[in-house]
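Commentary on secondary and tertiary structure
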Amino acid sequence: MNNVNKFIQLANFYNQMLAVMAAICVQKGGIPIEQYVGRFFAADVLEFLAEYGAKLQTDDESVQRVAALFRAEYEKAKDLTTPSQKPIFEMTLEEFEKVMNI
């Protein structure tokens, strides 16, 4: 399976996940998606999908358009993503001690 097919599978997963999240919100009394705790996971998946799509090397214009849509959507949700951990060699002593729980 090539990278474009994997990207399409990931895009389908993300879209299905959003539908399930909406159904969960309805089932929980119609809570707004902005209050659903799963929105953070969805933002992480969207970030991964946007980065994956940006790295694709394809001439397929429809795939490029979809990848651009995911990147644009990610820009709206990037404040919800889990922060990436800084590599140890870039940490201050205090940051390292906190990560190591010293």
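Heads up: the structure comes first, above all this text.
Everything numeric in this text was worked out from a predicted model, so none of it was measured.

Counting 19 residues, the largest nonpolar core has F7, Y14, M17, L46, L49 and F70 as its most contacted members. Mapped by element, the contributors of at least two residues to this core are α1 (3-27), α2 (39-55) and α3 (61-77). Excluding anything up to four places from it in sequence, F7 contacts L49, Y52, G53, L56, V63, V66, A67 and F70.

Right, let's talk about the side chain of T58 for a bit. When you line up the elements, T58 lands in the loop between α2 and α3. Among the residues examined, T58 registers a relative accessible area of 18% and is labelled buried. Within polar-contact distance, the side chain of T58 engages the backbone nitrogen of D60 at 3.1 Å.

Summed over all chains, the structure comprises two salt bridges. A salt bridge links K76 to E73, with the shortest nitrogen-to-oxygen separation between them at 3.7 Å. Of this pair, K76 and E73 both sit in helix α3, three residues apart, which is roughly one turn of the helix. By relative accessible area, E73 is classed as partly exposed at 37%. Linking K78 and E75 is a salt bridge whose minimum nitrogen-to-oxygen distance equals 2.8 Å.

Another point: the layout of surface pockets. Looking at the largest pocket, its volume works out to about 290 Å³. Lining the largest pocket are 13 residues; nearest its centre among them are Y14, R39, A42, A77 and L80. Looking at which element gives the most residues to the lining of the largest pocket, the answer is α2, with four residues. When the residues that make up the lining of the largest pocket are grouped by side-chain class, the tally is nine nonpolar, no polar and four charged.

Definitions and cut-offs
Residues numbered from 1 in each chain as written. Predicted model: local features only at pLDDT ≥ 70, side-chain atom pairs only at ≥ 80, totals over all residues. Heavy atoms only, no water. Core = buried A, V, L, I, M, F, W, Y, C linked by side-chain atoms within 4.5 Å. Buried < 20%, exposed > 50% of the residue type's maximum accessible area, 1.4 Å probe, protein only. Helix = DSSP H or I, 4+ residues; strand = E, 2+ residues; numbered from the N terminus. Contact = heavy atoms within 4.5 Å. Polar contact = N/O pair within 3.5 Å; in protein donor to acceptor, adjacent residues only side chain to side chain. Salt bridge = Lys/Arg side-chain N within 4 Å of Asp/Glu carboxyl O. 1 Å grid on protein atoms, 1.4 Å probe; cavity = no way out; pocket = protein on both sides within 12 Å on 5 of 7 lines; lining within 4 Å. Points joined across faces, edges and corners; volume = space filled by probe spheres on them. Nonpolar A, V, L, I, M, F, W, Y, C, P; charged D, E, K, R; others polar.

Geometric descriptors of this kind do not, in isolation, establish any biological role.
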